[in-house]
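Reading the structure
So you can see what is in the structure, the chains are spelled out below.
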Amino acid sequence: MSLERGEQLIDTSTTTVHTLVKRDEKQGRRLRYMQRDGRFPVVLHTTPGDWSPYVTDIFTTLVEIRWRVMLLVFFLSYILSWLFFGLCYFLIAYVNGDTDDPDSVPCVDNVRTFTGAFLYSMETQATIGYGVRLMTENCVVAIAVLSVQDVFSRLLNTIIIGIVAAKMASARKRAQTVGFSRCAVVNLRDGVLCVSWRLGDFRGNHILEGAVTAQLVRYVKWPLGSVVMSLQDLEIQNRDIVLATPATIVHRMEPGSPLYGLSPDDLLDDDFELVVTFTYTGDSTGILHQTRTSYTPADIRWGQRFQDMLRVGRKHYKVDYSLFNETTWVSVPKLSAEEYHRRGRPAGDDRPLSTTGKTNGHVSQEHVELTSEVMQQTFF
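A short tour of the structure in this document, coming up. (Residues numbered from 1 in each chain as written. Predicted model: local features only at pLDDT ≥ 70, side-chain atom pairs only at ≥ 80, totals over all residues. Heavy atoms only, no water.)

Here we look at the overall build of the chain
Across its full length, the chain holds 10 helices and 16 strands. Scored against the burial criterion, the 380 residues of the chain give a buried share of 38%. Pairs at least 24 apart in sequence give 68% of the contacts found in the chain among residues at least 6 apart. Element-wise, carbon and sulfur atoms account for 56% of the exposed surface of the chain, whose accessible area totals about 22600 Å². (Helix = DSSP H or I, 4+ residues; strand = E, 2+ residues; numbered from the N terminus. Buried < 20%, exposed > 50% of the residue type's maximum accessible area, 1.4 Å probe, protein only. Contact = heavy atoms within 4.5 Å. Areas by Shrake-Rupley, 256 points an atom, 1.4 Å probe, with all protein chains shown as cover.)

Observations regarding the packing of helix H5 (residues 114-125) against helix H6 (residues 140-168)
Remark: H5 packs on H6, axes separated minimally by 9 Å, with the N-to-C direction vectors making an angle of 55 degrees. With respect to H6, the axis of H5 lies oblique. Classified by chirality, the crossing of H6 by H5 is right-handed. Contact residues: H5 offers Tyr-120, Ser-121, Thr-124 and Gln-125, while H6 offers Leu-146, Gln-149, Ser-153 and Leu-156. A per-class count over the contact of H5 with H6 returns 3 nonpolar, 5 polar and no charged. (Axes fitted to C-alpha atoms, helices over the stretch in contact; angles between N-to-C directions. Parallel < 35°, antiparallel > 145°, perpendicular 65-115°, else oblique. Left-handed = near helix turned anticlockwise from the far one by under 90°. Nonpolar A, V, L, I, M, F, W, Y, C, P; charged D, E, K, R; others polar.)

Observations regarding the packing of aromatic side chains
On inspection of all chains with the given rule, the structure shows 12 aromatic pairs. With a centroid separation of 6.3 Å and an interplanar angle of 45 degrees, the aromatic rings of Trp-197 and Tyr-295 are classed as tilted. Pair noted here: Trp-197 is in strand E3 (residues 192-201) and Tyr-295 is in strand E9 (residues 288-295), with a separation of 98 residues, a long-range link. Accessibility assignment for this pair places Trp-197 and Tyr-295 in one class, buried. Measuring from centroid to centroid gives 5.7 Å for Phe-202 and Phe-324, while their planes differ by 85 degrees, and the two rings are edge-to-face. Placement of Phe-202 in the loop between E3 and strand E4 (207-221) and of Phe-324 in the loop between strand E13 (317-319) and strand E14 (327-329) is noted, with a sequence separation of 122 residues between them. On the accessibility criterion, Phe-202 (43% relative accessible area) is partly exposed. Members of the aromatic cluster, connected to one another through ring pairs, are Phe-74, Phe-75, Tyr-78 and Trp-82. Over the ring of Trp-67 we find Lys-167; its NZ or CZ atom is 5.1 Å from the centre of that ring. (Phe/Tyr/Trp six-rings, centres within 6.5 Å; stacked < 30°, edge-to-face > 60°. Lys NZ or Arg CZ within 6 Å of the ring centre and 35° of its normal.)

Observations regarding the environment of Tyr-260
Position of Tyr-260 among the secondary structure elements: in the loop between strand E7 (247-252) and helix H8 (266-269). Separated by 77 residues in sequence, Tyr-260 and Ala-337 have C-alpha atoms that sit 5.3 Å apart. Not counting the four nearest positions on each side in its chain, Tyr-260 is found in contact with Met-253, Glu-254, Pro-255, Ser-336, Ala-337, Glu-338 and His-341.

Topic: H6
Taking 1.5 Å as the rise per residue, H6 with 29 residues should run 42 Å; its terminal C-alpha atoms sit 42 Å apart, in good agreement. Those residues of H6 lying buried are Ala-142, Val-145, Gln-149, Ser-153, Leu-156, Ile-160, Ile-163 and Lys-167. Residues of H6 that are buried in the fold lie against helix H3 (58-64), helix H4 (67-96) and H5. (Expected span 1.5 Å × (residues − 1).)

Remarks on the pairing of E3
Buried residues dominate E3, accounting for 10 of its 10 residues. Along E3, one buried face is formed by Val-192, Cys-194, Ser-196, Arg-198 and Gly-200 and the opposite face, lined by Leu-193, Val-195, Trp-197, Leu-199 and Asp-201, is buried too. Strand direction decides the pairing type here: strand E1 (residues 178-180) and E3, joined by 3 bridges, are antiparallel. Looking across to E3, one finds that Gly-179 is bridged to Gly-200. In this sheet, E3 lies alongside strand E2 (residues 184-189) in antiparallel orientation, the contact comprising 5 bridges. Of the residues in E3, the one forming a bridge with Val-186 is Val-195. Hairpin connection, E2 to E3: the antiparallel pair is bridged by 2 residues, and Asp-190 has positive phi, about 55 degrees. (Pairing = 2+ DSSP bridges.)

Quick notes on the side chain of Ser-121
On the secondary structure map, Ser-121 appears in helix H5. Ignoring anything within four residues of it in the chain, the contact list for Ser-121 reads Ser-81, Trp-82, Phe-85, Gly-86, Tyr-89 and Gln-149.

Focus: the nonpolar core
By size, the foremost hydrophobic cluster in this structure holds 37 residues, and its most contacted members are Leu-193, Trp-197, Leu-199, Met-253 and Phe-278. Elements with a minimum of two residues in this core: E1, E2, E3, E4, E7, strand E8 (273-282), strand E10 (300-302) and helix H9 (337-342). In this structure, Tyr-89, Cys-107, Val-108 and Tyr-120 belong to the second largest nonpolar core, which totals 12 residues. (Core = buried A, V, L, I, M, F, W, Y, C linked by side-chain atoms within 4.5 Å.)

Quick notes on empty space enclosed by the protein
Counted under the stated rule, the structure contains 1 cavity of 30 Å³ or more. Roughly 30 Å³ of internal volume is contained in the largest cavity. Surrounding the largest cavity, Tyr-89, Ile-92, Ala-93, Asp-98, Cys-107, Val-108, Val-111 and Ala-142 form its lining. Here the lining of the largest cavity is built from residues that sort into 7 nonpolar, no polar and 1 charged. (1 Å grid on protein atoms, 1.4 Å probe; cavity = no way out; pocket = protein on both sides within 12 Å on 5 of 7 lines; lining within 4 Å. Points joined across faces, edges and corners; volume = space filled by probe spheres on them.)

Let's talk about H4
Taking 1.5 Å of rise per residue, the 30 residues of H4 would be expected to cover 44 Å, and the 43 Å separating its terminal C-alpha atoms lies within 8% of that figure. Taken as a whole, H4 has its buried residues at Met-70, Ser-77, Tyr-78, Ser-81, Trp-82, Phe-85, Gly-86, Cys-88, Tyr-89, Ile-92 and Ala-93. Note on H4: the residue one or two positions beyond its end, Gly-97, has a positive phi of about 85 degrees.

Honestly, that's just the spatial picture; any functional story needs more than this.
The structure is reproduced here in structure tokens:
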């Protein structure tokens, strides 16, 4: 491959940070489409007091609420039901005269005060059955209330247990043990500029199957202040993966790619977000999970590759996750993939190239020998 004279390469011997130029403060505060932890900073504005979407799907609402709110609902659901049915038993006893005449035949033995009615309600619903308070055959209404409470307690237990089990098996918790690297890198793979990022399972091999997707997101402002989100799919090499060991997800910046015309200088001014997702099934639960994150231009390191973290032992493959986010510099032209392909030189032309760059404010010129070994090397 050939590069014209005057073209710049990244100076890996003097560059110490991956950002070429510091973004201005206004750009740095731009609202992200997706947060690094996969949450979307989206607020839905509806009619005040309109709770119908949450009430209609009450089970999902209870599953999605925080644990402290769920525990509050858990305690209140039982305490309020005990109070309600206890009040019903007390009213029955009051109407039957059990509270005033100790010699009358009661509807419920030893229930002559509200405290006794509350204790009987709790014993009935919790199936404690101390044997002191008993339902008699004298009041049909009391028997009916007892039957309703018994059925209600079974239904309430089923709902509460189902919600707690669903929250404990929430996909969000499993997603925290499968993660993407904090940055993406751009380097040469088989002579093609590629953008790549890492994906790893911090719990080990507990994933049956998974698929990776990536989208380039931009928001376009139209007249009158309207905003339209533009989403472009990125082609992923080997999108179906088995995550037994950390994987490097690769997108080749070839013709047809939204990043084909992206250069290092464009990263300083471009305004986009690379949204990546990994959808997979856990073999422990069989539940479908999804992990996602996003990379802004400031998170993309041009001219770097991830350090090797996989070693082969006698009986095991050894993975050093302390190197999961570590990168190292490599020689990569400071050109867009489009310009790099356009300036390609005939095979066999091994003449050295002259590059010019600034180091600490001084202009220096160096000769770089781009051999076929460097150009064809695959970086991980």
